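Fold and geometry: a report
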Amino acid sequence: MSGMAGAFIEAKDLRKTYHVGKIEVEALRGISFSVQKGEFVSVVGPSGSGKSTLFYLLGGLTRADGGSVVLDSDDLATLTDAARTRMRKRKIGFVFQKFNLLPTLDARSNITIAQEISGNGDRDPAHFNRITDLLGLTKRLGHRPSELSGGEQQRVALARALINKPAVVLADEPTGNLDSKNSDIVLSMLRRSNQELGQTVLMITHNPEAAKYGDRIIHMRDGQIVRPEDDPQWVAH
Ligand SMILES: Nc1ncnc2c1ncn2[C@@H]1O[C@H](COP(=O)(O)OP(=O)(O)O)[C@@H](O)[C@H]1O
Ligand SMILES: [Mg+2]
């Protein structure tokens, strides 16, 4: 079996260009890499290097202009929109920099809504209790987002991402708006879910300390993957 055959996520020559009026922005200029099942990979790179674009393509939230993404044997480009949406709900837990919680729901409902959306009939109260306990949310479950700190909101968002035990967790700058204490809680939880539940984690960050939580670091620059020694920001740290 070749190394690639065992890949859980495989990106091949991914390309994405945005059109802004007459201007073309080549956000991704041929990105190829693979991630094995159960790996925790960090993606680093300066602002504008294409990290979020990669995140959207890997999660099936946007379509690539070229290349392919295979996630757990599903080729995202060949799935219908409906099938891609189903795949996302079943297999991927998303964490965004800006939390994206529903303002009218309390913390508990912001977490359990992910189970309802996925049609996950297999509710596991022990899993809910364990995650919210590890994230220090037990006493905050009745609070709405406006009644929570930024760190607490991101912990709720992470609980929502993990509640369905997704095979893959995709996180885009999950600690970008957090202080160091909350960052530690979020990063430790990501590592724990990777180690204990075998979840494959791909985390985008521009914080070298956060990146170290991963088993391996992919460096991006100008829409391409570069060697660590060619990432000046990284070398500076
Ligand atoms: N929706 C968009 N429309 C036009 N240009 C975009 C859009 N999203 C991102 N870009 C541009 O694409 C490039 C990569 O952006 P992005 O993927 O957000 O990088 P990063 O997350 O590393 O900061 C940047 O030059 C950015 O300005
Ligand atoms: Mg970004």
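Read on for a plain summary of the structure. As the structure is a prediction and not an experimental result, all values here were calculated from the model.

This part is about the overall build of the chain. Within the chain one finds 8 helices and 10 strands. On C-alpha atoms alone, the chain measures out to a radius of gyration of 18 Å, which is about the 18 Å that the 2.2 N^0.38 rule sets for 237 residues. The buried share of the chain, reckoned over its 237 residues, is 39%. Restricting the contact set of the chain to residue pairs at least 6 apart, pairs at least 24 apart contribute 72%.

Orientation of helix α5 (residues 150-162) relative to helix α6 (residues 180-197), taken along the N-to-C sense of each, is 10 degrees, at an axis distance of 9 Å. As judged from the angle between their axes, α5 and α6 are roughly parallel. Between α5, through G151, Q154, R155, L158 and L162, and α6, the contact on the second element is made entirely by N182, I185, V186, M189 and S193. Here the residues of the contact of α5 with α6 are counted per class, giving 5 nonpolar, 4 polar and 1 charged.

Quick look at the packing of helix α3 (residues 107-118) against α5 now. Direction vectors running N to C along α3 and α5 enclose 25 degrees, while the axes themselves pass 7 Å from each other. Relative to α5, the element α3 is oriented roughly parallel. α5 is crossed by α3, and the crossing has right-handed handedness. Of the residues in α5, those in contact with A107, N110, I111 and A114 of α3 are V156, A159 and R160.

A separate point is the sheet that holds strand β9 (residues 216-221). In space, the 6 strands of this open sheet follow the order β6-β7-β8-β3-β9-β10, with mixed pairing throughout. In this open sheet, the two strands that pair with only one neighbour each are β6 (92-95) and β10 (224-226). Sheet twist, expressed as the mean angle between neighbouring strand axes with direction ignored, is 25 degrees. Relative to β9, strand β3 (residues 40-44) is paired through 4 bridges, and the arrangement is parallel.

A separate point is the environment of A114. Looking at the secondary structure, you find A114 in helix α3. Look at A114 and you get partly exposed, because 19 C-beta atoms sit within 10 Å. For the pair A114 and R221, spaced 107 residues apart in sequence, the C-alpha to C-alpha distance is 34 Å. Leaving out residues up to four positions away in the same chain, A114 has contacts with R160, I163 and N164.

Quick look at α6 now. Turn by turn, an α-helix covers 3.6 residues, leaving residues three or four places apart pointing in a common direction. Across its 18 residues, α6 extends 25 Å between first and last C-alpha, which sits within 8% of the 26 Å expected from 1.5 Å per residue. Phi for G198, located one or two positions after α6, is positive at around 65 degrees.

Here the focus is the site of ligand 1. In the vicinity of ligand 1, the residues found are Y18, V20, V25, A27, G45, S47, G48, S49, G50, K51, S52 and T53. Secondary-structure elements contributing two or more residues to the shell around ligand 1 are β1 (7-20), β2 (23-36) and α1 (51-58). A per-element tally of the shell around ligand 1 places α1 first, with 3 residues. Residue classes in the shell around ligand 1 are distributed as 4 nonpolar, 7 polar and 1 charged.

Moving on to the environment of Y18. Secondary-structure assignment places Y18 in strand β1. Taking C-alpha positions, Y18 is 35 Å from G198, a pair spaced 180 residues apart along the chain. Residue contacts for Y18: discarding those within four places in its chain leaves V25 and A27.

What follows deals with the environment of L101. Mapped onto the elements of the fold, L101 is located in the loop between β6 and α3. L101 gets classed as buried once you count the C-beta atoms within 10 Å, which come to 23. Along the sequence, L101 and S47 sit 54 residues apart, while their C-alpha atoms lie 24 Å from each other. Those residues in contact with L101 that lie beyond four places of it in its chain are N110, P145, Q153, V156 and A157.

The subject of this paragraph is α5. Along its 13 residues, α5 runs 18 Å from first to last C-alpha, staying within 8% of the 18 Å computed at 1.5 Å per residue. The buried fraction of α5 amounts to 11 of the 13 residues, a majority that puts the element mostly inside the structure. At its buried positions, α5 is contacted by β6, α3, α4 (125-134), β7 (168-172) and α6.

Rules used throughout
Residues numbered from 1 in each chain as written. Chains lettered and ligands numbered in written order. Predicted model: local features only at pLDDT ≥ 70, side-chain atom pairs only at ≥ 80, totals over all residues. Helix = DSSP H or I, 4+ residues; strand = E, 2+ residues; numbered from the N terminus. Rg over C-alpha atoms; globule rule 2.2 N^0.38 Å. Buried ≥ 20, exposed ≤ 12 C-beta atoms within 10 Å, placed from the backbone. Contact = placed C-beta atoms within 7 Å. Axes fitted to C-alpha atoms, helices over the stretch in contact; angles between N-to-C directions. Parallel < 35°, antiparallel > 145°, perpendicular 65-115°, else oblique. Nonpolar A, V, L, I, M, F, W, Y, C, P; charged D, E, K, R; others polar. Left-handed = near helix turned anticlockwise from the far one by under 90°. Pairing = 2+ DSSP bridges. Expected span 1.5 Å × (residues − 1). Near = placed C-beta within 6 Å.

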